[in-house]
Amino acid sequence: MITSILLYESHCFDPYRNLAVEQVLLESVKEGQCILYLWQNENTVVIGRNQNPWKECATSLLEEEGGKLARRLSGGGAVFHDLGNLNFTFLLSKKNYDVAKQLQVIVEACRNLGLDAQVTGRNDVTIDGRKFSGNAFYDSKGQAYHHGTLLVDVDMTMLGKYLMPSKAKLQSKGVDSVRSRVVNLRELCPALTIDRMKEEMLAAFQKVYGLESEALNADRFDGNYVNRLWERNASWDWNYGKSL
């Protein structure tokens, strides 16, 4: 049973640090707690734990243009992050893990914006059949997280520039079809900003869990441990070497 909910908001746009903080939150979440972590990465392609970066991303072009490649702990596909995207992570014990309830937070946040969001069978969240949120999952030693993207105002041309869909996907759906199946929330709600989306996610988090949220401060983290994880996350061995 969830008896307390906490919010941690990152003000850093470095994917290696943000993913390090996510792991620290996972390892430190207590029984009965649910943490909502809101974060953003700048010009980053994030790949799943088992993916080959060279097959998923135009790595040389990304690096030439100042972007970063990062590998997360969870599975799933490659995603592009810029500052028009808001990332969320729910962290809690496996005992209290409830994907449907966690996804309901996103649906409720959209409802508050006048948007009718639906959860699909693949744990994507869509509006009128167009996807704006993809989700991935990870668990370890009795603790788990569920994280994903919220496309608010992402540069779709950059997304298509760096990501390399599989030949099978291109043959079955085509590039135009793939693009037509995703949508920025701002296209549907023109006044929407990242800050407003954060506010609605927090309000929905509190409503769905029926609790008041407590702010979680960075001084509760072990800074040395975060730095060690940052070094691993930023290393060539972690991002590329795991694929060899």
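Residues numbered from 1 in each chain as written. Predicted model: local features only at pLDDT ≥ 70, side-chain atom pairs only at ≥ 80, totals over all residues. Heavy atoms only, no water.

A.B. asks: Outline the packing of helix 1 (residues 15-28) against helix 10 (residues 223-234), listing residues and values.
C.D. replies: For any two helices packed against each other, one specifies the crossing angle of their axes together with the interaxial distance. At their nearest, the axes of helix 1 and helix 10 sit 8 Å apart, and the two run at 130 degrees to each other. By the angle between their directions, the pair helix 1 and helix 10 is classed as oblique. Here the hand of the crossing between helix 1 and helix 10 comes out right-handed. Listed contacts from helix 10 to Tyr 16, Arg 17, Leu 19, Ala 20, Val 21, Gln 23, Val 24 and Glu 27 of helix 1 are Tyr 225, Val 226, Asn 227, Leu 229, Trp 230, Arg 232, Asn 233 and Ala 234. (Axes fitted to C-alpha atoms, helices over the stretch in contact; angles between N-to-C directions. Helix = DSSP H or I, 4+ residues; strand = E, 2+ residues; numbered from the N terminus. Parallel < 35°, antiparallel > 145°, perpendicular 65-115°, else oblique. Left-handed = near helix turned anticlockwise from the far one by under 90°. Contact = heavy atoms within 4.5 Å.)

A.B. asks: If you had to explain the nonpolar core to someone new, which residues and values would you point to?
C.D. replies: In terms of nonpolar packing, the biggest core is built from 45 residues, with Val 45, Phe 132, Met 197 and Met 201 touching the most fellow members. Contributions of two or more residues to this core are made by strand 1 (4-9), strand 2 (33-39), strand 3 (44-47), strand 6 (85-93), helix 4 (99-112), strand 8 (125-127), strand 11 (143-151) and helix 9 (194-209). The greatest single-element share of this core, amounting to 7 residues, is contributed by helix 9. Excluding anything up to four places from it in sequence, Met 201 contacts Leu 36, Phe 88, Val 105, Ile 106, Ala 109 and Leu 150. Tyr 16, Ala 20, Val 24 and Leu 216 belong to the second largest nonpolar core, which has 23 residues in total. (Core = buried A, V, L, I, M, F, W, Y, C linked by side-chain atoms within 4.5 Å. Buried < 20%, exposed > 50% of the residue type's maximum accessible area, 1.4 Å probe, protein only.)

A.B. asks: So what about the side chain of Asp 14? Which residues, and what values?
C.D. replies: Note that Asp 14 resides in the loop between strand 1 and helix 1. In this structure the side chain of Asp 14 is engaged in a polar contact, spanning 3.0 Å, whose partner is the backbone nitrogen of Tyr 16. Excluding anything up to four places from it in sequence, Asp 14 contacts Asn 41, Lys 68 and Trp 230. (Polar contact = N/O pair within 3.5 Å; in protein donor to acceptor, adjacent residues only side chain to side chain.)

A.B. asks: I'd love a proper account of the sheet that holds strand 1, names of residues and values included.
C.D. replies: As summarised here, the arrangement of the 6 strands in space is 10-11-6-2-1-12, forming an open sheet in which the pairing is mixed. Every interior strand has two partners, whereas the edge strands, strand 10 (135-140) and strand 12 (213-215), have only one. Strand after strand, the sheet turns through a mean of 20 degrees between neighbouring axes, direction not considered. Sheet topology note: the strand 6/strand 11 ladder contains 9 bridges and is antiparallel. Directly across from Ser 93, in strand 11, lies its bridge partner Gln 143. (Pairing = 2+ DSSP bridges.)

A.B. asks: Describe the packing of aromatic side chains, naming the residues involved and giving the relevant values.
C.D. replies: Tallied over the full model, the rule gives 11 aromatic pairs. Arranged with centres 5.8 Å apart and planes meeting at 45 degrees, the rings of Phe 80 and Tyr 162 form a pair that is tilted. In this pair, Phe 80 sits in strand 5 (residues 79-81) while Tyr 162 sits in helix 5 (residues 156-162), placing the two residues 82 residues apart along the sequence. Of the two residues examined, Phe 80 and Tyr 162, each falls in the buried class. Of the aromatic side chains, those joined through ring pairs into one cluster are Tyr 8, Tyr 37, Trp 39 and Phe 221. Between Arg 232 and the ring centre of Trp 238, over which it is positioned, the NZ or CZ distance is 4.1 Å. (Phe/Tyr/Trp six-rings, centres within 6.5 Å; stacked < 30°, edge-to-face > 60°. Lys NZ or Arg CZ within 6 Å of the ring centre and 35° of its normal.)

A.B. asks: Help me get a handle on the pattern of salt bridges, residues and values and all.
C.D. replies: Scanning the model with the defined rule gives 11 salt bridges in all. We note a salt bridge from Lys 207 to Glu 108, for which the minimum N-O separation is 2.8 Å. Taken together, the residues span a long stretch of sequence, with Lys 207 in helix 9 and Glu 108 in helix 4 at a distance of 99 residues. By relative accessible area, Glu 108 is classed as buried at 6%. For Arg 196, the salt bridge identified is with Glu 200, shortest N-O distance 2.8 Å. Taken as a pair, Arg 196 and Glu 200 lie in helix 9 at a separation of 4 residues, close to a single helical turn. When its relative accessible area of 33% is taken as the criterion, Arg 196 is described as partly exposed. For Glu 200, a relative accessible area of 11% translates into the label buried. Among the charged side chains, a network of salt bridges with common partners joins Glu 108, Arg 111 and Lys 207. (Salt bridge = Lys/Arg side-chain N within 4 Å of Asp/Glu carboxyl O.)

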